[in-house]
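Secondary and tertiary structure notes
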Amino acid sequence: MKKINVTYDSVFKAIKSYIDDESELKVITKAYKYAFEKHFGQKRLTGEDYIIHPLSVAQILTEIYADYECLSAAFLHDVLEDCNVTKEELINEFGENITNLVEGVTKINRLNFNGVSEAMNANYRKILVGLCEDVRVIIVKLADRLHNMRTLYVLPEKRQKEKAKETLDILIPIAHRLGMNKIKSELEDLSLRYYKPDIYFDISEKLNQTKAEREKIVLEMQNKVSELLNKNNIKHEIKGRAKSIFSIYKKLDKGKKFNDIYDLLALRVFVNTEQECYQALGYIHSKYRPIPKRFKDYIAMPKSNMYQSLHTTVFGIDGYLFEIQIRTYEMDLVAENGIASHWSYKEHGSNVKADMQNDMEKKLQFFRTIMEMKDEKDDKNFVEAVKEDSFKEVIYVFTPKGDVIELPKGSTPIDFAYRVHSDIGDHLVGAIVNEMLVPIDYELKNDDVVKININKNSMGPNYEWLNIVKTPQARNKIRAFFNRLDKDENIRQGEELLQKELRKRKIPFNDFLNSENIQKIKDELKIQDLNELYINLSNNKILPSTVYNIINVEDNKNEKILKSVTDNNIKNTNIGKTDIYIEGISNIKTNIASCCKPVPGEKIIGYITKGKGISVHKINCSNVINLKERLIEVHWNPIITKKYYATILVHSKKDENILLNIITKSNSLNITVSSIKTMNNSDNTIYSITVLVENIDKLLKFMNDIKTINNVIDVERSIG
Ligand code: MN
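Residues numbered from 1 in each chain as written. Predicted model: local features only at pLDDT ≥ 70, side-chain atom pairs only at ≥ 80, totals over all residues. Heavy atoms only, no water.

Let us now look at the coordination of the manganese ion. Those protein atoms acting as donors to the manganese ion are His 53 (NE2), His 77 (NE2), Asp 78 (OD) and Asp 144 (OD), and they sit at 2.1 to 2.5 Å. Spacing between the donor residues of the manganese ion along their common chain follows H-x23-H-D-x65-D. Both residues of the pair, His 77 and Asp 78, count as buried. (Donors = N, O, S within 2.8 Å, 3.2 Å for Na, K, Ca; no water. Buried < 20%, exposed > 50% of the residue type's maximum accessible area, 1.4 Å probe, protein only.)

Here you go:
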């Protein structure tokens, strides 16, 4: 296990070896001093001063040439959590970027993916989406975890196992996706060491027994290969390569015997160019017989985490099997550090941060899922999708053109089709895998070449597919297809409603919908096209009579009400006087009842008061629910341009920032906050917030948004 003596001097020496910008160094130094002061007096369980931890995290990051913001964040990464430092203070001292990194790491520390509860979903989602906006958060977190794993021996056994399991389940898959194999492989061995110590020590024991012998054979083979390449003028370096304990464990776990693991002997050949990779391979194969099935060309077809290399297994000296990897130095950087390798190139003028972010979103399905699902309304769907996509075992299959597609294990040709393009999924009629026709629920395997048969005239997916597919993307896209079908159905129904209305009035449909009238209807109802009209008709948001009345203005009352409503809207800002109509009665005064304050979209009923017009209540308002007399049916007008008052109660833990968050949410929904009252009790705060809102949908969305704010316990509509 690595034991590195980390000091201020050693870390800053490493930093200065690749960062020479004075102003950047100043920030890093300031971050170190700040962390030193804030953590002063704190000890780690190991007995060391706390500052050793942030120093070590920074040290790990110097090995992948992390930038100055990342390094500063490494020093500061625990101050929010452990030192009573506020976010505002950090922003003042170090600016937004560094603070966001620190905050991101602090947030992941609070994540616990095991047994995610419904109520937590919204939070996970927020956090995950937040993370994607800067991949460096995850890189700092990986370094943080690596150092904690290196010093895990101080924790009691139960905690060791928990941490190790969490690392295996969550952080290692992420490191894998990011292609950060060096960190990943150390995390794997450390996790195994604590999660299954018996197995770990058993394997390392066996490795030790054979170590001397293996090293001797590897060195011999190394010399032979080197000789061969020199003879053919290929400049190169060769390293013997120790198989990680974890990779041996995985093979044993699959039922292999220790002695059968034939790639215990492994070499890695480094050359300068891609062409030399293939040349070297050719020479090696011409001298040492390869095992055909074990050859993999990850140069022509990189893994989706960007890994490139040639892999082959050959019969080497004395009949021993050798696994040989051939790659360029550049490929090696990517293979070891993945997404972080962008830091090593240091191309001037390029925006490394943007490149990394770009890479992440382009190449890594994990993040693509998050970005795609960003607007997903249902938090549970979102978290499921992300979990499914990030932490499950994956397979790699090919398109007929040789593009690599990454899918979760168990995926079917339908998943494949939707991953390629939703059009291909929607028109799938069959699948050919490795040139054989397969059923559409066939389980794809690594390296399958998949061709999808499509028919542009197909009826589209069928409901059964929802039970077959494995990926949330495919499921969502199939659902979207059916939603579009529903939309078509709504359009058909809406059209029928209008036809019926016109038949009743003996007006030919085609005459009614001449282009002039259509324009008039569109203008009047502020809609884009007839489809929108039909959908609104089928949802009862627009009445067929309203449409009729727009064209036949003369003899109708609704139109007049509508007119006067609109006029009122322009002249009159008095809330509650307009927007409501009563069949058969015009020009009657209505008031929104102050007890229940209904908003458009809610079911309402009118109560005829003595001399003050009609007061409009929610249909289930306790003040009217038991009344038998003086009630009258009232309706919201289809067109409402005003906002209505509604009062909600927000229960929360004491927190200064909640109000600000609420206001931010209201702004983004274009909801006006008209008053806020605060009530404190022993440990909770209740805010009574009165807003002006267009309709019930907006109000409910607003309330749901507030629920996602940290420390909010409950949100309810105020009644009475
Ligand atoms: Mn830490």
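There's plenty left to go through after this.
What follows concerns helix 1 (residues 8-16). Buried within helix 1 we find Val 11, Phe 12 and Ile 15. Take helix 1 and look down its axis: the buried residues cluster within an arc of 95 degrees, on one side only. Facing away from the buried side of helix 1 by more than 90 degrees, the exposed set consists of Asp 9 and Lys 13. The secondary structure elements touched by the buried residues of helix 1 are helix 2 (22-38), helix 3 (52-62) and helix 4 (68-76). (Helix = DSSP H or I, 4+ residues; strand = E, 2+ residues; numbered from the N terminus. Arc of directions from axis to C-beta. Contact = heavy atoms within 4.5 Å.)

A separate point is unusual backbone geometry. In the Ramachandran plot, Asn 233 falls in the positive-phi region, its phi being about 60 degrees despite a non-glycine side chain. Assignment of secondary structure puts Asn 233 in the loop between helix 11 (197-231) and strand 1 (236-240). Here Asn 233 falls in the exposed class, since its relative accessible area comes to 69%. Even without being glycine, Glu 435 reaches a positive phi, approximately 70 degrees. Within the secondary structure, Glu 435 sits in the loop between strand 8 (428-433) and strand 9 (436-438). Looking at Glu 435, the relative accessible area reads 77%, which means it is exposed.

Time to look at the nonpolar core. Core analysis: the largest hydrophobic core is formed by 67 residues, its most contacted members being Leu 61, Phe 75 and Leu 76. At 8 residues, helix 8 (residues 136-150) tops the list of elements feeding residues into this core. Two domains each provide a minimum of three residues to this core, namely domain 1 (8-178) and domain 2 (207-340). Core analysis: the next-biggest nonpolar cluster, separate from the first, contains 30 residues, Ile 632, Ala 646, Val 650 and Tyr 687 among them. (Core = buried A, V, L, I, M, F, W, Y, C linked by side-chain atoms within 4.5 Å. Domains from an automatic or database assignment.)

Moving on to empty space enclosed by the protein. The final tally for this structure, using the stated rule, is 4 cavities of 30 Å³ or more. In this structure, the largest cavity encloses a volume near 70 Å³. At the level of secondary structure, the elements contributing two or more residues to the lining of the largest cavity comprise helix 8, helix 10 (181-195) and helix 14 (329-337). The biggest single contributor to the lining of the largest cavity is helix 10, with 3 residues. (1 Å grid on protein atoms, 1.4 Å probe; cavity = no way out; pocket = protein on both sides within 12 Å on 5 of 7 lines; lining within 4 Å. Points joined across faces, edges and corners; volume = space filled by probe spheres on them.)

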